[in-house]
Amino acid sequence: MSEKRHTSEYGNTRRTFLKTIGTVTTVAGYGGISIARREGRSNWARPDGWTGPRSGPGRTGTTDDRGPTPYPVTDWKTDLDGSMYHSEPIVADDTLYLAVTTNDTPGEFSGSFGAYDLESGVAKWTRSDIPAPKTPTVGDEMIYIATKVPETSDSDDVGFYALDADSGDTMWSRTDHDYWSPPVVTEDRIYTSNKNATFAFDRMTGETVWEADGVDSLSDDIDDALSYTDGTVFVSDGTALDAEDGSTEWQVKPERGTLGNPSVRDGLVYYTRNEYLVGDDDRIRVQARSADTGEMEWSYRETENAWDGRPAVTQRHIFVVDSDSDGSAVTALDSKTGDVAWTTEIPGAFFSSPVVGDGTIYLGGQYVSESDPSEGKALIYALDSATGNRKWSYLLDSGDLETSPEDPPAAGTPVVSDGKLYAATYPAGSTLDYRYVYYSNFFVLDSCAERPDEDHRLPVDEGPDDGTDVPTPEACIEAISNIDWDDLDAGDLLQLDASCSIGRGLQFEWDIGGDGQYEDSGSSISVTVPRCGSLTVKLRITDTNDDTDSTSISLSSN
């Protein structure tokens, strides 16, 4: 790969990001499986972090970790020298793993897969002999990765690999099939599929434990084909398999092809089918079924939606994105009933899958200014998962990296871990494959106490649809009760409301106690009048341009 720039936010040049230092271990082979025996490393310990596609075996797109809080700042960024379109970064045990396609010309597929230091981006090891790698899965001290080269390829390197996490050396590989889905990894097993069957492999050797013929999940090239929980493997064709022996627990026959990529949580399996550029219409279908029986619990259908991502599933909600020529929105469905809980419109075009970290939804997309359509930027947007209120938005600055002169960059699916966010960009809208390889970059955002500066904020010169200017935000607090402010008794419960505040698309944050910590959100809160002394309540509002205003009140009893 060519050397390209890897810079911090302040332009300091760092060491070359991609430096091939990995080696391939000489191994013994039989039956399409090559194995390098490893000694004394059979104890299972699932690593911390974002360990596989959509975070883990359930494929829910969620984590308990936080992203950048309360605001983001660029930690470091780099030219990828390839594309991560439809590939997620993986973060585990202080290491970043990137699966990059470096050439997707038919018949000439190539790729790079490497491990990098989280703080600096310096390569620990890389491999350049794994063509077009898919999103990997990390399990214990090994990494499992499949290629996405079509069966028409004549490459000898396609298949399924298990690598040593410390060195990148091949511990075993399977070349008996060219095409495998990204795996689910458990303590003893690996679950994956190809166009003929779904398989369970021995995690340490790659040998087949069982094979379910005719059960497959490769209806498209997306990485979320299998999910797993509590001893059951769910496949996108509507089959639930016993993880121990591969027998069918239940099966639902969809009307067309597959039910869609499954996510499983709290006794329900959610199938999502996207028809964008696949079927005869643009629509999203979501079905929630019992994980035990396959019986339908609820269904949701949205028409005229060009989004082609995967939902995120929390205990309370399932989040889907609506993105078309008129704008974008995030919709929260009640996870138990399918009812719409809230919908929030957001500026920009968003085609990434949402992810949720510790109560915050993160989306990658693109913002193009109406006043200057040529100046598009990649955008990360963060919303409160309970209310849909915006927490922050952040424009990624690609000015010192190579970008397409015709197609402005957009951010792909972000992932979050331990206060940071990781996202690749790509030239949105390009119909030329080589541009995705040549003009893709990578960003790492860290936590920051201060809101983003003007270079990273949405422009302030664009008002509402009626052409008026965005009003300067003005914070206001009112009491929702008949209690006189000057006649408060100790223990009175007072409801405070900020709806009287002025501004567009306001976000409300409350500091109860005046300690500088904004621990509550929403347009109204309840507080109790103290028995001794006074209570300071501070309100901070932020509008769509990230402009803020604050006000406070002091409550005390007579």
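Look a little higher up for the structure.
Given the structure is predicted, the values throughout are model-derived calculations rather than measurements.

### Structural notes on the overall build of the protein chain
Regarding its fold elements, the protein chain presents 1 helix and 45 strands. For the protein chain, with 558 residues in total, the buried portion stands at 55%. In the protein chain, the share of contacts with a sequence separation of at least 24, taken over all contacts with a separation of at least 6, comes to 55%. About 23,100 Å² of surface is accessible on the protein chain, with carbon and sulfur atoms providing 41% of the total.

### Some points on the state of the cysteines
Any covalent bond linking the sulfur atoms of two cysteines counts as a disulfide. All told, the structure shown has 1 disulfide when counted by the stated rule. Covalently, Cys476 is tied to Cys500 through a disulfide, its sulfur atoms 2.1 Å apart. Its S-S torsion of approximately -100 degrees makes the covalent link between Cys476 and Cys500 left-handed. One end of the pair, Cys476, is in the loop between β38 (441-448) and β39 (478-479); the other, Cys500, is in the loop between β40 (493-497) and β41 (507-512), with 24 residues separating them in the sequence.

### Points about the sheet that holds strand β17 (residues 197-202)
Ordered in space as β15-β16-β17-β18, the 4 strands form an open sheet in which the pairing is antiparallel. Looking along the sheet, the strands with just one partner apiece sit at the ends: β15 (184-185) and β18 (208-213). Where strand β16 (residues 189-193) meets β17, 5 bridges bridge the pair, whose relative direction is antiparallel. Each bridged residue has a counterpart across the sheet, and for Ile190 the counterpart in β17 is Phe201.

### Here's the deal with the pairing of strand β32 (residues 360-368)
Within β32, 8 of the 9 residues are buried, leaving the element largely enclosed by the surrounding structure. In the sheet, strand β31 (residues 355-357) pairs with β32 via 3 bridges, with the strands oriented antiparallel. The partner of Val356 across the bridge, within β32, is Ile361. Taking the residues that link successive antiparallel strands as the turn, the β31-β32 hairpin has 2 residues, and the phi of Asp358 there is positive, at about 50 degrees.

### A closer look at the sheet that holds β41
Read from one edge of the open sheet, 4 strands run β42-β41-β44-β45, paired in antiparallel fashion. Of all the strands in the sheet, the pair left with one neighbour each is β42 (520-521) and β45 (548-556). Across 9 bridges, the pairing between strand β44 (residues 534-542) and β45 is antiparallel. Paired with Thr536 across the strands is Ser554, a residue of β45.

### Topic: the pairing of β17
Among the 6 residues that make up β17, 5 are buried, leaving the element largely enclosed by the rest of the structure. Linking two consecutive strands that pair antiparallel, namely β16 and β17, is a turn of 3 residues. As paired strands, β17 and β18 are joined by 5 bridges and run antiparallel to one another. Its bridge partner being in β18, Ala200 is matched across the sheet by Trp210. Count of turn residues in the β17/β18 antiparallel hairpin: 5 residues, of which Gly206 carries a positive phi of about 80 degrees.

### Section: the nonpolar core
If you look at the biggest cluster of nonpolar residues, it comprises 46 residues, and the most contacted ones within it are Leu96, Tyr97 and Phe442. The dominant element in this core, judged by the number of residues it contributes, is strand β8 (residues 95-103), at 5 residues. Discounting chain neighbours no more than four positions away, the residues touching Tyr97 are Pro89, Ile90, Ala92, Phe113, Gly114, Ala115, Trp125, Val138, Ile143 and Ala165.

### Some thoughts on unusual backbone geometry
Cis geometry marks the peptide bond from Thr69 to Pro70; its omega dihedral reads -10 degrees. Topologically, Pro70 is positioned in the loop between β5 (62-63) and β6 (71-79). Of note in the backbone geometry, Asp93 takes a positive phi value of approximately 50 degrees without being a glycine. Relative to the assigned elements, Asp93 resides in the loop between β7 (90-92) and β8. The phi angle at Ala132 is positive, at roughly 45 degrees, despite the residue not being glycine.

### Regarding the packing of aromatic side chains
Within this structure, the stated rule accounts for 23 aromatic pairs. When the ring of Tyr362 is compared with that of Trp392, the centres are 5.9 Å apart and the planes differ by 50 degrees; the resulting orientation is tilted. Residue Tyr362 is located in strand β32, and its partner Trp392 is located in strand β34 (residues 390-396); the two are separated by 30 residues in the primary sequence. Through successive ring pairs, a cluster of aromatic residues spans Tyr144, Phe160, Trp172, Trp180, Phe199 and Phe201. The lysine or arginine in question, Lys195, covers the ring of Tyr179, its NZ or CZ lying 5.1 Å from the ring centre. Taking NZ or CZ as reference, Arg540 lies 4.0 Å from the ring centre of Tyr518, over its face.

### Points about the side chain of Thr344
Mapped onto the secondary structure, Thr344 falls in strand β30 (residues 340-346). Separated by 3.0 Å, the side chain of Thr344 and the backbone oxygen of Gly388 make a polar contact. Setting aside anything within four residues of it in sequence, one finds Thr344 in contact with Ser328, Ala329, Val330, Leu383, Thr387 and Gly388.

### Some thoughts on the environment of Phe319
Its place among the elements puts Phe319 in strand β28 (residues 317-324). For the pair Phe319 and Val356, spaced 37 residues apart in sequence, the C-alpha separation works out to 9.2 Å. Setting aside residues up to four positions removed in sequence, Phe319 forms contacts with Pro311, Ala312, Thr314, Thr331, Ala332, Trp342, Pro354, Val356, Ile361 and Ser385.

### Remarks on the environment of Ser323
As for its placement among the helices and strands, Ser323 is situated in strand β28. For Ser323, a relative accessible area of 1% gives the class buried. Between the alpha carbons of Ser323 and Phe350 there is a distance of 6.0 Å; along the sequence they are 27 residues apart.

### A word on the pattern of salt bridges
Here the structure, examined in full by the defined rule, presents 15 salt bridges. For Glu509, the salt bridge identified is with Arg540, shortest N-O distance 3.0 Å. Linking Glu509 in strand β41 with Arg540 in strand β44, this pair joins segments that are 31 residues apart in sequence. Residue class for Arg540 comes out buried when judged on its relative accessible area of 19%.

### What about a nonpolar patch on the surface?
Taken together, the side chains of Leu432, Tyr434 and Tyr438 make up a nonpolar region of the molecular surface, amounting to roughly 290 Å² of accessible area. Along the chain, Leu432 turns up in the loop between β37 (420-427) and α1 (433-438).

### Focus: the side chain of Arg174
Note on placement: Arg174 falls in strand β14 (residues 170-174). Arg174 sits in the buried class, given a relative accessible area of 4%. Looking at Arg174, its side chain comes within polar contact range of the main-chain oxygen of Gly206, at 2.9 Å. A distance of 2.8 Å separates polar atoms of two side chains, one belonging to Arg174 and the other to Thr208.

Cut-off values and rules
Residues numbered from 1 in each chain as written. Predicted model: local features only at pLDDT ≥ 70, side-chain atom pairs only at ≥ 80, totals over all residues. Heavy atoms only, no water. Helix = DSSP H or I, 4+ residues; strand = E, 2+ residues; numbered from the N terminus. Buried < 20%, exposed > 50% of the residue type's maximum accessible area, 1.4 Å probe, protein only. Contact = heavy atoms within 4.5 Å. Areas by Shrake-Rupley, 256 points an atom, 1.4 Å probe, with all protein chains shown as cover. Disulfide = S-S within 2.5 Å. Pairing = 2+ DSSP bridges. Core = buried A, V, L, I, M, F, W, Y, C linked by side-chain atoms within 4.5 Å. Phe/Tyr/Trp six-rings, centres within 6.5 Å; stacked < 30°, edge-to-face > 60°. Lys NZ or Arg CZ within 6 Å of the ring centre and 35° of its normal. Polar contact = N/O pair within 3.5 Å; in protein donor to acceptor, adjacent residues only side chain to side chain. Salt bridge = Lys/Arg side-chain N within 4 Å of Asp/Glu carboxyl O. Patch = residues over 30% accessible without salt bridge, like charges linked within 9 Å, V, L, I, M, F, W, Y side chains within 5 Å.

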